[in-house]
Amino acid sequence: MQKCLIIGGGPAGYTAAIYAARAGLDPVVIEGPEPGGQLTTTSLVENYPGFKDGVDATILMTDMRAQAERLGTKFVRGSVRSCDLEAKSVTLDGGESLSARALIIATGAAAKYLGLPSERQFRGMGVSACATCDGFFYRGRIVAVVGGGDTACEEAMYLAGLAKEVHMIVRKPFLRASVANRKRVEETPNITIHYETVTKEILGDASGVTGVKLDHNGEVFDMSLDGFFLAIGRHPNTEFLGGQLELDANGYIVSDGVLTSKPGVFVAGDVRNTDFRQAITAAADGCRAALEAEKYLKNNDQA
Ligand SMILES: Cc1cc2nc3c(=O)[nH]c(=O)nc-3n(C[C@H](O)[C@H](O)[C@H](O)COP(=O)(O)OP(=O)(O)OC[C@H]3O[C@@H](n4cnc5c(N)ncnc54)[C@H](O)[C@@H]3O)c2cc1C
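Residues numbered from 1 in each chain as written. Predicted model: local features only at pLDDT ≥ 70, side-chain atom pairs only at ≥ 80, totals over all residues.

Draft legend 1. Just helix α5 (residues 150–160), in detail. Within the sequence span of α5, burial applies to Ala 152, Cys 153, Glu 155, Ala 156, Leu 159 and Ala 160. Projected down its long axis, α5 carries its buried residues within an arc of 165 degrees, all on one side. On its buried face, α5 sits against α4 (131–134), β11 (142–146), β12 (165–169), α6 (179–186), β13 (191–194) and β17 (227–230). (Buried ≥ 20, exposed ≤ 12 C-beta atoms within 10 Å, placed from the backbone. Helix = DSSP H or I, 4+ residues; strand = E, 2+ residues; numbered from the N terminus. Arc of directions from axis to C-beta. Contact = placed C-beta atoms within 7 Å.)

Draft legend 2. The arrangement of unusual backbone geometry in detail. You will see that Lys 88, though not glycine, has its phi angle at about 50 degrees, which is positive. Assignment of secondary structure puts Lys 88 in the loop between β6 (80–84) and β7 (89–92). Judged by the 21 C-beta atoms lying within 10 Å of it, Lys 88 falls in the buried class. A positive phi angle, near 45 degrees, is found at Asn 217, a position not held by glycine. Locating Asn 217 in the fold gives a position in the loop between β15 (208–216) and β16 (219–224). Given 9 C-beta atoms within 10 Å, Asn 217 falls into the exposed group.

Draft legend 3. Fine view of the environment of Ala 12. Mapped onto the fold, Ala 12 is located in helix α1 (residues 11–22). Look past the residues within four positions of Ala 12 in its chain and what remains in contact with it is Ala 106, Ala 268, Gly 269, Ala 282, Ala 283, Asp 285 and Gly 286.

Draft legend 4. Region of interest: the sheet that holds strand β14 (residues 197–205). The strand order β14-β15-β16 describes an open sheet built from 3 strands, whose pairing is antiparallel. Each having just a single partner strand, β14 and β16 make up the two edges of the open sheet. For this sheet, the mean inter-axis angle between neighbouring strands, taken without regard to orientation, is 25 degrees. Here β15 pairs with β16 via 6 bridges, running antiparallel. (Pairing = 2+ DSSP bridges. Axes fitted to C-alpha atoms, helices over the stretch in contact; angles between N-to-C directions.)

Draft legend 5. Layout of the domain arrangement of the protein chain. The domains assigned to the protein chain are domain 1 (2–110 + 234–299) and domain 2 (113–230). A C-alpha centroid distance of 31 Å is found between domain 1 and domain 2. Listed as interface residues are 5 residues of domain 1 and, on the opposing side, 6 residues of domain 2. Split by residue class, the side of domain 1 that touches domain 2 holds no nonpolar, 4 polar and 1 charged. (Domains from an automatic or database assignment. Nonpolar A, V, L, I, M, F, W, Y, C, P; charged D, E, K, R; others polar.)

Draft legend 6. Expanded view of the sheet that holds β13. Read across the sheet, 5 strands follow the order β10-β17-β11-β12-β13 without closing on themselves; strand pairing throughout is parallel. Single-partner strands in this sheet number two, and they are β10 (127–128) and β13.

Draft legend 7. Looking closely at the site of the ligand. The environment of the ligand is formed by 41 residues, the closest being Gly 10, Gly 32, Gly 37, Gly 108 and Gly 269. Where the shell around the ligand is concerned, the elements lending two or more residues are α1, α4 and α7 (279–299). Considering only residue class, the shell around the ligand consists of 19 nonpolar, 17 polar and 5 charged. Here the shell around the ligand spans two domains, since at least three of its residues come from each of domain 1 (2–110 + 234–299) and domain 2 (113–230). (Near = placed C-beta within 6 Å.)

Draft legend 8. Just the pairing of β13, in detail. The alternating pattern of β13 places Ile 191 and Ile 193 on a buried face and Thr 192 and His 194 on a face that is not buried. Relative to β13, β12 runs parallel, the two sharing 4 bridges. The residue of β13 that forms the bridge with His 167 is Thr 192. Taken together, β12, α6 and β13 constitute a β-α-β crossover, and its handedness is right-handed. (Right-handed = clockwise from strand over helix to strand, strands pointing away.)

Draft legend 9. Focus on the nonpolar core. Judged by nonpolar contacts, the single largest core of 51 residues is most densely connected at Ala 16, Ala 20, Ile 104, Ala 268 and Ala 293. Of all the elements in the fold, those that place two or more residues in this core are β1 (2–7), α1, β2 (28–30), α2 (57–70), β6, β8 (97–105), β19 (265–267) and α7. If one sorts the elements of this core by residue count, α1 sits on top with 8 residues. By size, the runner-up hydrophobic cluster in this structure holds 32 residues, among which are Ala 131, Ala 160, Leu 175 and Ala 231. (Core = buried A, V, L, I, M, F, W, Y, C linked by C-beta atoms within 7 Å.)

Put into structure tokens, the structure is as follows:
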């Protein structure tokens, strides 16, 4: 029986571990399929405080993990397959079971990609699934946003404030977004919407993305651009919960801050229903979740 079990090895999970370790909760982190989390799919992070020239994303996450480890955190490789939140126990994909007095869920959310080999090849070299994170690198340049929902419209609007031209690639003959968002993108002069158009391939060279091959109702053509942003949805990693916590319409865990409806079970980072999905907000959640776990264990005389 552990004092504190943390599910997820991204900024939320590692920060929770740093605080839990310093509070004497001897945390154990289960790192899942992507140790380091989503940031390992990008290169430079320019908006995490404390690094005046930005920081390599992999170094940031490796150092965060090392910091947690130095303070006494133990790490477990493997993913949680199922859990019993009443008992605060989890079963890993290899069959091993672990239980704890406090549980912190920090399993994040995965961006959905189109599944093109070229998309994988140029990930972090012009292909991004986060306009807020990477839009800054495309000031005055030409970018595309794939998707036709509210998120795609919001990402396109955000990028329109930075880039010279924004091309929205929309599979359907209409936008699935709210009336307000549709109106905003339609009225933004540097956004062009390409309806009934699908991406066949992302084009590039050693320097990164240089263009995209598109198909508009059978007519295939190339478009030159510098950045390709995915906005076709995200997938919160919550399957292992088996319906034990309420999820919102998009699959995120419904929470009150970092508190869930189950005593002693806390949630941190991108996996919860929050408006902000950044490394710094995930890390802040991790801190709060660990402090709440410490309080919970003290109040229950278990610390
Ligand atoms: C391309 C890209 C670029 C980005 N750039 C920036 C940026 O410049 N600045 C910024 O602030 N933010 C950026 N972000 C956003 C940032 O990466 C996320 O907001 C942040 O990583 C969320 O942290 P998290 O810990 O909540 O989740 P994640 O980073 O998603 O980590 C989730 C962790 O949970 C684990 N996990 C998942 N399922 C299971 C399971 N069943 N069992 C056990 N473990 C599991 C995973 O292996 C992973 O370790 C970017 C995101 C992307 C996709």
